[in-house]
Number of protein chains: 2
Amino acid sequence: MDPTRKRRFKQQLFDQFARLGKALANNHRLELIELLAQGERSVESLAREADLSVANASQHLQVLHAAGLVEQRREGVFAYYSLTPGAFPLWQALRDLARQRLAEVERLVESTLEREGEPVGLEELARRLEHGDAVLLDVRPLREFEAGHIPGAIPAPVAELEALLPSLPRGVEVIAYCRGPYCTFADEAVELLRARGFNARRLELGLPDWRAAGYPVRQGVGA
Amino acid sequence: MDPTRKRRFKQQLFDQFARLGKALANNHRLELIELLAQGERSVESLAREADLSVANASQHLQVLHAAGLVEQRREGVFAYYSLTPGAFPLWQALRDLARQRLAEVERLVESTLEREGEPVGLEELARRLEHGDAVLLDVRPLREFEAGHIPGAIPAPVAELEALLPSLPRGVEVIAYCRGPYCTFADEAVELLRARGFNARRLELGLPDWRAAGYPVRQGVGA
DNA sequence: TCCATATTCAATAAATTTATTGAGTGCTTG
DNA sequence: CAAGCACTCAATAAATTTATTGAATATGGA
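The model shown is predicted, which means the values in this text are computed figures rather than measured ones. (Residues numbered from 1 in each chain as written. Chains lettered and ligands numbered in written order. Predicted model: local features only at pLDDT ≥ 70, side-chain atom pairs only at ≥ 80, totals over all residues. Heavy atoms only, no water.)

This structure, assessed with the given rule, holds 44 salt bridges over all chains. Here E31 of chain B ties to R7 of chain A by a salt bridge, and the two come within 2.6 Å at their closest N and O atoms. Taken together, the residues span two chains, with E31 of chain B in helix α2 (residues 27-36) and R7 of chain A in helix α1 (residues 3-23). Exposure remark for E31 of chain B: the relative accessible area of 3% places this residue in the buried category. With a shortest N-O distance of 3.1 Å, D96 of chain B and R95 of chain B are connected by a salt bridge. The exposure class assigned to D96 of chain B is partly exposed, which follows from its relative accessible area of 34%. Given the relative accessible area of 1%, R95 of chain B is considered buried. Taken together, the shared-partner salt bridges connect E124, R128, D133, E173 and R201 of chain A into one network. (Salt bridge = Lys/Arg side-chain N within 4 Å of Asp/Glu carboxyl O. Helix = DSSP H or I, 4+ residues; strand = E, 2+ residues; numbered from the N terminus. Buried < 20%, exposed > 50% of the residue type's maximum accessible area, 1.4 Å probe, protein only.)

Below, the structure written as structure tokens:
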């Protein structure tokens, strides 16, 4: 094969790969991906949670769209964005390699969050659910619970968790999960639960990880 | 948790993730990763193959190093770089998602390479090797064969393949593999082999993919 | 029809990334 | 110890990315 032609091919090919890489090269876009991994959301809602102006969020979403990482659905005046199939595993790989290779990640987590004890792994949770010897709380905002949750989980947004405590059984361990390994909802929930005398731990990972591992996910309202 | 504190945590956390993302945001760096996936190499050698100046290659390697994707070993006057554990799966995920979501990738491959027939998958290759009903050629440069190859493969750099043809058996299918799904060495080998009357196909993926799938890899010289 | 709202677009300035250039460092060899 | 080599460093200009701003578009309801 003609070397010039071969070089041009590689150049163009890796330009394409870099298109995708460039989409991952910004903290705000990665945060949007993490939010979208929980289910589709409107621009304004994403902007508010990621602390961006609406115009800026819209631009970042367009970059993600051009890279094939998100898709858009329009409903009336709203634009709902969601992750494309396959986008989550890439984000997961990046997130996990960052934890493994960049010591600063671990340092940040340890210095900011006061996590105590070992978290529950996906496999262990699956076993516990089968045995029925644990109560599972989904402590994400209700909208995300409705978009997809672990079967058997109780919707319990952290803000409303307090009101829910009296209805929880005291004999078994309470397990709380949220968006992912760096989401603090579950940590806050565990802190509150322990303060009230519950035996509580957080799930190590989040709902998207549960789904990606091949475990079942249920949609809709109610526990 | 104090919302300001929480936001700062997320900001810093996603800044770290973006550190890694930014390292993937450049075509030349991705090409360096692909080359390093075949085994360690010196700066000068990488620069030559990726068509970069030595200084520029060195800078890109430092960016990859800062992101934890590569590590360095010094030997005399040479600096040998290699991928860190876990770096390849991330590159693999990005590469595969790009193929899946960016139509331009497929278009480029089809318009540039004249691939005919279906390639051999990893599983099929493993089966064929067990049965012994195929000849396997590693058509990468010898240095890469020595750094790691599929057990039973014959070293056969494309440039020297012609001289090797007479010694190949004619009854069985010949399978050629190289660096990865977009590496053209195997395509060139298959083209030559078919022109000479051999029954030949390429492996769909490359050696790093074989290794990452958990199959054994052998180091050193000789078949 | 008019208005409010959600989103996108376009223009701009600031910040960051990139390739190039030439000098600097350190090791090995004659 | 001088020279050659592999690599890194530092400075620079060009290119790209980013956030902000205000205007434009489009939809649904008053």
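So, next bit.
The operation relating chain B to chain A is a screw motion whose rotation component is 180°, with 0.0 Å of axial translation and a residual RMSD of 0.0 Å. Such a combination of rotation and displacement between the chain copies is what one expects of a two-fold axis. The overlap is high: 100% of the interface residues of chain B also sit at the interface in chain A, so the same surface is used on both sides. (Least-squares fit on C-alpha atoms with pLDDT ≥ 70 in both. Contact = heavy atoms within 4.5 Å.)

Residue and element names in this part refer to chain A. As assigned here, chain A comprises domain 1 (3-85) and domain 2 (117-212). One C-alpha centre belongs to domain 1, the other to domain 2; they are set 29 Å apart. Taken together, the 8 residues of domain 1 in the interface contact 10 residues of domain 2. The contact between domain 1 and domain 2 buries some 660 Å² in all, and 40% of this surface belongs to carbon and sulfur atoms. Between R41 and E144 there is a salt bridge; the shortest N-O distance is 3.4 Å. Viewed at the interface, domain 2 and domain 1 are joined by 5 residue pairs in polar contact (both at pLDDT 80 or more). At the level of secondary structure, the elements contributing two or more residues to the side of domain 1 that touches domain 2 comprise α2 (27-36) and α3 (43-50). Per-class residue counts for the side of domain 1 that touches domain 2 are 2 nonpolar, 3 polar and 3 charged. (Domains from an automatic or database assignment. Buried area = accessible area lost by both parts, 1.4 Å probe. Polar contact = N/O pair within 3.5 Å; in protein donor to acceptor, adjacent residues only side chain to side chain. Nonpolar A, V, L, I, M, F, W, Y, C, P; charged D, E, K, R; others polar.)

Turning to the protein's contact with DNA strand C, a few remarks are in order. Neighbouring residues of DNA strand C: 25 residues in total, closest E44, S58, Q62 and Q72 of chain A together with H60 of chain B. Close to the protein, within 4 Å, the atoms of DNA strand C belong to sugar or phosphate groups at a rate of 73%. One of the side-chain N or O atoms of Q59 of chain B is found 3.4 Å from a base oxygen in DNA strand C. Interatomic distance of 2.6 Å between a side-chain N/O atom of H60 of chain B and a phosphate oxygen of DNA strand C. (Near = heavy atom within 4 Å.)

A few words on the interface of chain B and chain A. Interface size, as often reported, equals the accessible area lost upon joining of the parts. The partner chain A presents 59 residues to the 59 residues of chain B that form the contact. Around 5100 Å² of area is buried between chain B and chain A when both sides are counted, 67% of it from carbon and sulfur atoms. Summed over the three residues of chain B that lose the most area to chain A, namely F9, F14 and F17 of chain B, the buried surface amounts to 13% of that side. For the side of chain B that touches chain A, the secondary-structure elements that each account for two or more residues are α1 (3-23), α2, α3 (43-50), α5 (87-101), α6 (103-112) and α10 (185-195) of chain B. Taken together, the residues of the side of chain B that touches chain A break down into 29 nonpolar, 13 polar and 17 charged.

Once that is clear, we can look at the sheet that holds strand β2 (residues 70-75) of chain B. Residue and element names in this part refer to chain B. Strand order in the open sheet made by the 3 strands is β1-β3-β2, with antiparallel pairing throughout. Bordering the open sheet on either side are β1 (41-42) and β2, each of which pairs with just one other strand. Here β1 pairs with strand β3 (residues 78-83) via 2 bridges, running antiparallel. Note that in β3 the partner of R41 across the bridge is Y81. (Pairing = 2+ DSSP bridges.)

Residue and element names in this part refer to chain A. Running from N to C, α3 and helix α4 (residues 54-66) cross one another at 105°; their axes reach a closest spacing of 9 Å. When the axes of α3 and α4 are compared, the pair comes out roughly perpendicular. Together, V43, E44, L46 and A47 of α3 and V54, A57, S58 and L61 of α4 make up the contact between the two elements. The residue makeup of the contact of α3 with α4, split by class, is 6 nonpolar, 1 polar and 1 charged. (Axes fitted to C-alpha atoms, helices over the stretch in contact; angles between N-to-C directions. Parallel < 35°, antiparallel > 145°, perpendicular 65-115°, else oblique.)

Below, the discussion takes up the sheet that holds strand β3 (residues 78-83) of chain A. Residues and elements named next belong to chain A. Spatially, the 3 strands line up as an open sheet ordered β1-β3-β2, and their pairing is antiparallel. Single-partner strands in this sheet number two, and they are β1 (41-42) and β2 (70-75). With 6 bridges connecting them, β2 and β3 associate as antiparallel partners. Paired with R74 across the strands is A79, a residue of β3. Relative to β2, α4 is tilted by about 120°, and along the sheet it contacts β2 and β3.

Below, the discussion takes up the nonpolar core. Ranked by internal contacts, the top residues of the largest apolar core, which has 82 residues, are F17 and L69 of chain A together with F17 and L69 of chain B. Apart from the residues within four sequence positions on either side, L69 of chain A is in contact with L20, A23, L24, I33, L64, S82, L83, T84, A87 and L90 of chain A together with L97 of chain B. Core analysis: the second largest hydrophobic core is formed by 20 residues, V158, L168, A176 and C178 of chain A among them. (Core = buried A, V, L, I, M, F, W, Y, C linked by side-chain atoms within 4.5 Å.)

Phi at D51 of chain A takes a positive value of approximately 65°, unusual for a residue other than glycine. Turning to its location among the elements, D51 of chain A is positioned in the loop between α3 and α4.

Next up on the list: the packing of aromatic side chains. When we look at a pair of aromatic rings, we describe it by the centre distance and by the angle of the planes. Applying the stated criterion across every chain, the model contains 12 aromatic pairs over all chains. Both rings, one in W91 of chain A and one in F14 of chain B, keep their centres 5.9 Å apart while their planes meet at 10°; by these two values the pair is stacked. Separated into two different chains, W91 of chain A in helix α5 (residues 87-101) and F14 of chain B in helix α1 make up a pair that spans both. Under the relative-accessibility criterion, F14 of chain B is labelled buried at 6%. With centroids separated by 5.3 Å and ring planes inclined at 85°, the aromatic side chains of W91 of chain A and F17 of chain B adopt a geometry described as edge-to-face. A residue pair is termed interchain when its members come from two chains, as with W91 of chain A in helix α5 and F17 of chain B in helix α1. Side by side, W91 of chain A and F17 of chain B carry an identical accessibility label, which is buried. (Phe/Tyr/Trp six-rings, centres within 6.5 Å; stacked < 30°, edge-to-face > 60°.)

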